[in-house]
Amino acid sequence: TWHWPAFLVGFWWLLYRKMYLWAFVYFILLIIPYANVIAWITLAISGNYLYYRFVKGRILTVKTSQPSGDIVKTLSELGGVNKWVPVVGIMVSIAAFFMFLLGLILSAC
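Residues numbered from 1 in each chain as written. Predicted model: local features only at pLDDT ≥ 70, side-chain atom pairs only at ≥ 80, totals over all residues. Heavy atoms only, no water.

(A) Examining the packing of helix α4 (residues 35-65) against helix α5 (residues 71-78) more closely. Running from amino to carboxyl end, α4 crosses α5 at an angle of 135°, the nearest separation of the two axes being 10 Å. When the axis of α4 is compared with that of α5, the two are oblique. Taken as a pair, α4 and α5 cross one another with a handedness that is right-handed. Of α5, the residues touching α4 (which contributes Arg58, Ile59, Val62 and Lys63) are Ile71, Thr74, Leu75 and Leu78. Its residues placed into classes, the contact of α4 with α5 shows five nonpolar, one polar and two charged. (Axes fitted to C-alpha atoms, helices over the stretch in contact; angles between N-to-C directions. Helix = DSSP H or I, 4+ residues; strand = E, 2+ residues; numbered from the N terminus. Parallel < 35°, antiparallel > 145°, perpendicular 65-115°, else oblique. Left-handed = near helix turned anticlockwise from the far one by under 90°. Contact = heavy atoms within 4.5 Å. Nonpolar A, V, L, I, M, F, W, Y, C, P; charged D, E, K, R; others polar.)

(B) Molecular detail of the side chain of Lys18. Checked against the element boundaries, Lys18 lands in the loop between α2 (10-16) and α3 (20-31). When its relative accessible area of 16% is taken as the criterion, Lys18 is described as buried. In contact with Lys18, other than residues within four places in its own chain, are Phe54, Arg58, Leu78, Gly79, Gly80, Val81 and Asn82. (Buried < 20%, exposed > 50% of the residue type's maximum accessible area, 1.4 Å probe, protein only.)

(C) Inspection of the layout of surface pockets at higher detail. In this model, the largest pocket occupies a volume close to 160 Å³. What lines the largest pocket is Phe7, Leu8, Val9, Gly10, Phe11, Trp12, Tyr26, Leu30 and Trp40. Of all the elements in the fold, those that place two or more residues in the lining of the largest pocket are α1 (4-8), α2 and α3. In terms of residue count, the dominant contributor to the lining of the largest pocket is α2 (three residues). In the lining of the largest pocket, the residues fall into eight nonpolar, one polar and no charged. (1 Å grid on protein atoms, 1.4 Å probe; cavity = no way out; pocket = protein on both sides within 12 Å on 5 of 7 lines; lining within 4 Å. Points joined across faces, edges and corners; volume = space filled by probe spheres on them.)

Just geometry here; none of it tells us what the structure is for.
Take a look at the structure:
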């Protein structure tokens, strides 16, 4: 299904969900001309599935490493989201906006 956060802020969404390898791959694809559009749309279409596979793999890893331990406690420590990502994303967006404005001002002079 279509995933709007992955479409609008894909790189930040991947970091927020702790999918660092996918965030790195997505970032590299965004640099490549024409591949960036394909990656952008593909992430929006497959974002839910990628996250499902990621979480399923994490759960399987915890179950195999701790077959008799408290799995729920371990998963709650490993899981969750990165709370710093929205703050950094907003700061980067504000900085980019001001650099854009500065570029417009300097090019007009």
